[in-house]
Amino acid sequence: MKTRLRMLRVGDRGCAWTARICHVKGEVDCHRSIRLRVWGAGKNSRALQVDLVSKFWPGPWGACATDNAYPTSKDVREVVDYALEHGWEPDAVGGTFSLTESEHAMAFELTDFLITDRMRDPDAPDPSARVIHAYEQRGGSAA
């Protein structure tokens, strides 16, 4: 599977990014997730990585397959701005700076996504309750 590398300008910085569609299993449902990776200073620069889970709820049968949430350039720009304010050094060589649920989810979320640790750690908290809560906050009913 070939990954599409997209380009984005954030201030004076050119960034390259990819978003890989995945799924995470929760106790209530399967949730669409996205692994977002951003490079702010070329392929050898320190990558930024965040795993996102869609706020789409309730999912129809086959929710993982039918949810079409995907990060926009605006979403990526918000992630980059937040990461820069919280220690990401894109000009450093090598390594990965991760935005994790355990460290950043209380302070940061996107319109259509929440940060999740479930993609990298199957024992991380189930995202279902947070997804349902976010959906209800937007005026939906999880009846």
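Residues numbered from 1 in each chain as written. Predicted model: local features only at pLDDT ≥ 70, side-chain atom pairs only at ≥ 80, totals over all residues. Heavy atoms only, no water.

(A) Examining the nonpolar core more closely. Counting residues in hydrophobic clusters, the biggest one holds 25 residues, and the most contacted among them are Leu 36, Val 38, Leu 48, Val 79 and Leu 99. Top element by residues in this core is helix 2 (residues 73–85). It accounts for five residues. The contact partners of Val 79, leaving out residues within four places of it in the chain, are Leu 36, Leu 48, Val 50, Leu 99, Phe 108 and Leu 110. In this structure, Cys 22, Val 24, Trp 57 and Ile 132 belong to the second largest nonpolar core, which totals nine residues. (Core = buried A, V, L, I, M, F, W, Y, C linked by side-chain atoms within 4.5 Å. Buried < 20%, exposed > 50% of the residue type's maximum accessible area, 1.4 Å probe, protein only. Helix = DSSP H or I, 4+ residues; strand = E, 2+ residues; numbered from the N terminus. Contact = heavy atoms within 4.5 Å.)

(B) Layout of helix 2. Compared with an ideal rise of 1.5 Å per residue, which puts 13 residues at 18 Å, helix 2 spans 18 Å between its outermost C-alpha atoms and is within 8% of the ideal. Backbone geometry just after helix 2 places Gly 87 at a positive phi near 110 degrees. (Expected span 1.5 Å × (residues − 1).)

(C) Structural view of helix 4 (residues 128–137). Among the residues of helix 4, those classed as buried are Ser 128, Val 131, Ile 132 and Ala 134. Viewed end-on, helix 4 has its buried residues packed into an arc of 160 degrees, placing them on one side of the element. Along helix 4, the residues that are exposed and aim more than 90 degrees away from the buried face are Ala 129 and Gln 137. One or two positions beyond helix 4, positive phi appears at Gly 139, with a value near 100 degrees. (Arc of directions from axis to C-beta.)

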